[in-house]
Amino acid sequence: MAGATFPRGGVHPAEHKELTEHLAIEEMPPPQQVVIPVSMHFGAPAKPVVKKKQEVQEGDVIATVEKALGATIHSSVTGVVKTIESRPHPTMVRCDAIVIDRDPSAPPRVYEPQDWRKTTAEQLLAKVKDAGIVGLGGAGFPTHVKLSPPPSAKVDTLVLNGAECEPYLTTDHRIMLEHPQKVVEGTKVLLKILGIKKAVIGIELNKADAINAMTKAAKEASGQDEFTVAVQGMTVKYPQGSEKQLIYSLTQRSVPGGGLPFDVGVIVQNISTTLAIFEAATLNKPLYEKVATFSGRAIKRPANLKVKVGTVLSDVAAYLGGTTNDLTKIVSGGPMMGFAVSNLDVPITKTSSGVLFLSSSETDTGTYGPCIHCGWCLEACPMGLQPKEVAIYVEAGKGHQTEKFGVFECFECGCCAYVCPAKRPLVQFARLAKIQVKKHG
Ligand code: SF4
Ligand code: SF4
């Protein structure tokens, strides 16, 4: 079966999904202590509204963003605030965090189910905001802002990203397989908020079981209301799940350079975010726990875990039997777009889709060489950019002149670096180039 796809570039990295794709989501018992960073979203850091020694309940607001772009943060456990101080962070190196000692005698919080259909679109949007929901697949853009496009935008289609094209990660796959009805209901909540009727869920063809489960759930939920939810299989090709490629694959609409999805009438959400929206709409439950994949050949027991936000990696590793002696690299996120983390003190944040514990056989620690002008990076770039030129300019101290190569269209997917026979760190060069162009004004 041929799937929908995008026209230019892309690569086929080894999937490594066999480590966890058949493992059901397992709930990790809450840790003794959580470390909740005040920055887990795109925008300004949240401001703590709790103090040292203050008692907090699971789900209580502990930090807010008043006037700037950002998202509310909630406690993931019932306990006492131990301290608020700078702690390691998976992407920011360090960040202020609210450290809470859990009360082991406290029962888990129970939420009363509510009928979202009796709630207005405005009330549902307020629930999404109050729940502190951010895009769980990437930079953590506040969802209530994304769901409020300007009136000039003629949005008619919601696209759900079920591609999960990053190697190793199987979080969205398992959610679609185990909770397809919730994903479909969450999709309808989103459609109601947006005031539109049509959604399409794109899933790569390597997840046939998820395609079947979602198709069945969408069919069962059809005819109940004015909303239509379709499921579309997509060719297995990285980066099928990146916004512009996904939109083209599913709607054949091209987002213009420097533009946003709503410029072509589309809003994109991912599967984990949609599940969080379902829980906010039907339970009033804030976002303080999430499903993430813990994989790689250097963790004793790979798993898909539901974990409390703020659980530190050392607790996760201990729960999974520890790491092997061959642990070479820890990556937050997937191997293509994730970030290396230096130790096990970093916490799981709202945007952690997974953590990889990679062995020496899964990492390439060799040095890179000069460009041999093979052109492979040009062929692989889904944006049609010139990564080799960007790199050469940066090396020559002319990174500030790289705008002409479209460097700001680079979304750091890593396809170019993946195919480069000289192992050149082309994504790092692109990042540096962007900084240098901005610095140069
Ligand atoms: S990282 Fe940037 S330059 Fe490289 S392939 Fe992706 S979009 Fe193109
Ligand atoms: S793939 Fe690497 S070696 Fe080949 S042209 Fe691009 S940067 Fe140069």
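Throughout this description, residue numbers start from 1 for each chain and increase along the sequence as written. Labels follow written order: the first chain is A, the first ligand is 1, and so on. Totals for whole chains, interfaces and linings use every residue, but because this is a predicted model, local features are given only for residues with pLDDT of at least 70 and side-chain atom pairs only at 80 or more, for both listing and counting. To obtain the side-chain values, all non-hydrogen atoms of the structure were used and water was disregarded.

K.L.:
Could you give an account of the nonpolar core, naming the residues involved and the relevant values?
P.N.:
Grouped together as the largest cluster of nonpolar side chains are 44 residues, with contacts concentrated most on Ile 133 and Leu 158. Of all elements in the fold, only helix H1 (121-130), strand E9 (157-162), helix H3 (171-178), helix H4 (180-194), strand E10 (198-204), helix H5 (208-220) and helix H7 (271-283) reach the threshold of two or more residues within this core. Numbering goes from the N terminus for both helices and strands, where a helix is a DSSP run of H or I of at least four residues and a strand is a run of E of at least two. Of all the elements, H4 adds the most residues to this core, at 7 residues. When checking whether two residues touch, look at their non-hydrogen atoms; a contact exists if any pair is within 4.5 Å. If near-sequence neighbours (up to four positions away) are discounted, Ile 133 is found in contact with Val 128, Pro 142, Thr 143, Thr 273, Ala 276, Ile 277, Ala 280 and Leu 287. Of all hydrophobic cores here, the second largest spans 19 residues; its members include Cys 377, Val 407, Cys 410 and Leu 426. By nonpolar core is meant a set of buried Ala, Val, Leu, Ile, Met, Phe, Trp, Tyr and Cys residues that side-chain atoms within 4.5 Å join together. Exposed residues in this analysis have more than 50% of their type's maximum accessible area, buried residues have under 20%, and partly exposed residues fall in between, with area computed by a 1.4 Å probe over protein chains only.

K.L.:
A description of the sheet that holds strand E4 (residues 55-56) should follow, citing residues and the corresponding values.
P.N.:
Adjacent strands of a sheet pair through backbone hydrogen bonds, lying either parallel or antiparallel. Spatially, E2-E8-E7-E4 is the arrangement adopted by the 4 strands of the open sheet, whose pairing is antiparallel. Here the strands that pair on one side only, and so sit at the sheet edges, are strand E2 (33-37) and E4. Any two strands with at least two DSSP bridges between them are considered paired. Summarising the sheet, E2 and strand E8 (residues 93-102) pair through 5 bridges and their orientation is antiparallel. In the strand pairing of E8, Gln 33 is matched with Asp 101.

K.L.:
Describe H3, and please don't skip the residues or the numbers.
P.N.:
Because each turn of an α-helix spans 3.6 residues, side chains separated by three or four positions end up pointing in the same direction. Here H3 lies mainly inside the structure; 6 of its 8 residues are buried. What H3 keeps buried is the set Thr 171, Asp 172, His 173, Arg 174, Ile 175 and Met 176.

K.L.:
Can you tell me about the pairing of strand E17 (residues 354-359), naming the residues and giving the values?
P.N.:
Burial analysis of E17 places 6 of its 6 residues in the buried class, the great majority of the element. Of the pairings in the sheet, the one linking strand E13 (residues 289-295) to E17 comprises 3 bridges and is parallel in character. Following the sheet pairing, Ser 295 is matched in E17 by Leu 356. Of the pairings in the sheet, the one linking strand E15 (residues 327-332) to E17 comprises 5 bridges and is antiparallel in character. Bridging across to E17, Ser 332 finds its partner in Val 355.

K.L.:
Can you tell me about the sheet that holds strand E5 (residues 61-64), naming the residues and giving the values?
P.N.:
Pairing is antiparallel across the open sheet formed by 3 strands, whose spatial order is E3-E5-E6. Strands with a single pairing partner mark the edges of an open sheet, and in this sheet they are strand E3 (47-48) and strand E6 (73-74).

K.L.:
Can you explain the pairing of strand E11 (residues 228-234)? Please cite residues and give values.
P.N.:
Bridge analysis of E10 against E11 gives 7 bridges, and the strand direction is parallel. Paired with Ile 203 across the two strands is Gly 233, which belongs to E11. Clockwise travel from the first strand over the helix to the second, with the strands pointing away from the viewer, marks a crossover as right-handed. Remark: the E10/H5/E11 crossover connection has right-handed handedness.

K.L.:
Can you explain the site of ligand 1? Please cite residues and give values.
P.N.:
Consider each residue's heavy atoms; a residue with any of them within 4 Å of a molecule or strand counts as near. Within the structure, ligand 1 sits among Cys 381, Pro 382, Met 383, Pro 387, Cys 410, Phe 411, Glu 412, Cys 413, Gly 414, Cys 415 and Cys 416. Any residue that is not Ala, Val, Leu, Ile, Met, Phe, Trp, Tyr, Cys, Pro, Asp, Glu, Lys or Arg is counted as polar, Gly included; the first ten are nonpolar and the last four charged. Of the residues assigned to the shell around ligand 1, the class counts are 9 nonpolar, 1 polar and 1 charged.

K.L.:
Requested: an account of the site of ligand 2, with residues and values cited.
P.N.:
Close to ligand 2 lie Cys 371, Ile 372, His 373, Cys 374, Gly 375, Cys 377, Lys 388, Cys 420, Pro 421, Arg 424 and Leu 426, which account for all nearby residues. Its residues assigned to classes, the shell around ligand 2 shows 7 nonpolar, 2 polar and 2 charged.

K.L.:
Lay out the pattern of salt bridges in plain terms, naming residues and giving numbers.
P.N.:
Any Lys or Arg side-chain nitrogen found within 4 Å of a carboxyl oxygen on Asp or Glu counts as a salt bridge. Following the criterion strictly, the structure yields 22 salt bridges and no others. Glu 389 is the salt-bridge partner of Lys 388, the closest N and O atoms lying 3.4 Å from each other. Here Lys 388 falls in the buried class, since its relative accessible area comes to 14%. With a closest N to O distance of 2.8 Å, Lys 434 and Glu 412 form a salt bridge. In this pair, Lys 434 is assigned in helix H12 (residues 426-439) and Glu 412 in the loop between helix H10 (387-395) and helix H11 (415-419), connecting sequence segments 22 residues apart. Given the relative accessible area of 13%, Lys 434 is considered buried. Residue Glu 412 is classed as buried on the basis of its relative accessible area of 18%. One salt-bridge network, held together by shared partners, links Glu 58, Lys 285, Glu 289, Lys 306 and Lys 308.

K.L.:
How would you sum up the side chain of His 173? Please name residues and give values.
P.N.:
The topology assignment puts His 173 in helix H3. Polar contacts, as used here, are pairs of N or O atoms within 3.5 Å; protein pairs need one atom able to donate a hydrogen and one able to accept it. Residues neighboring in sequence count only if both atoms are side-chain atoms. Engagement of the side chain of His 173 in a polar contact is seen with the side chain of Asp 209, the distance being 2.8 Å. Other than its neighbours up to four places away in sequence, His 173 contacts Glu 21, Glu 164, Lys 207, Asp 209 and Ala 210.

K.L.:
An account of the packing of aromatic side chains is requested, with residue identities and associated values reported.
P.N.:
In this description, an aromatic ring pair is defined by two values, namely the gap between the centres and the angle between the planes. Stacked, edge-to-face and tilted labels apply to pairs of Phe, Tyr and Trp rings (six-membered ring for Trp) whose centres lie within 6.5 Å, assigned for plane angles under 30 degrees, over 60, and everything in between, in that order. This model, assessed by the stated rule, comprises 3 aromatic pairs. Both rings, one in Tyr 368 and one in Phe 429, keep their centres 6.1 Å apart while their planes meet at 90°; by these two values the pair is edge-to-face. Of this pair, Tyr 368 sits in the loop between E17 and helix H9 (376-380) while Phe 429 sits in helix H12, placing them 61 residues apart in sequence. Overall, the relative accessible area of 42% leaves Tyr 368 in the partly exposed class. The buried category is assigned to Phe 429, whose relative accessible area is 8%. Relative to Phe 405, the ring of Tyr 393 has its centre 5.1 Å away and its plane inclined at 80°; by these criteria the two rings are edge-to-face. Here Tyr 393 is found in helix H10, whereas its partner Phe 405 is found in the loop between H10 and H11, with 12 residues between them in sequence.

K.L.:
So what about unusual backbone geometry? Which residues, and what values?
P.N.:
Cis geometry is adopted by the peptide bond preceding Pro 239, which originates at Tyr 238 and carries an omega value of 0°. In this structure, Pro 239 sits in the loop between E11 and helix H6 (243-251). The residue His 16 is not glycine, and still its phi comes out positive at about 55°. On the secondary structure map, His 16 appears in the segment before strand E1 (26-27). Residue classification places His 16 among the partly exposed residues on the basis of a relative accessible area of 23%. In this structure, Val 93 takes a positive phi of about 70° despite not being glycine. Following the sequence through the fold, Val 93 ends up in strand E8. Of the residues examined, Val 93 reaches a relative accessible area of 65% and is grouped as exposed.

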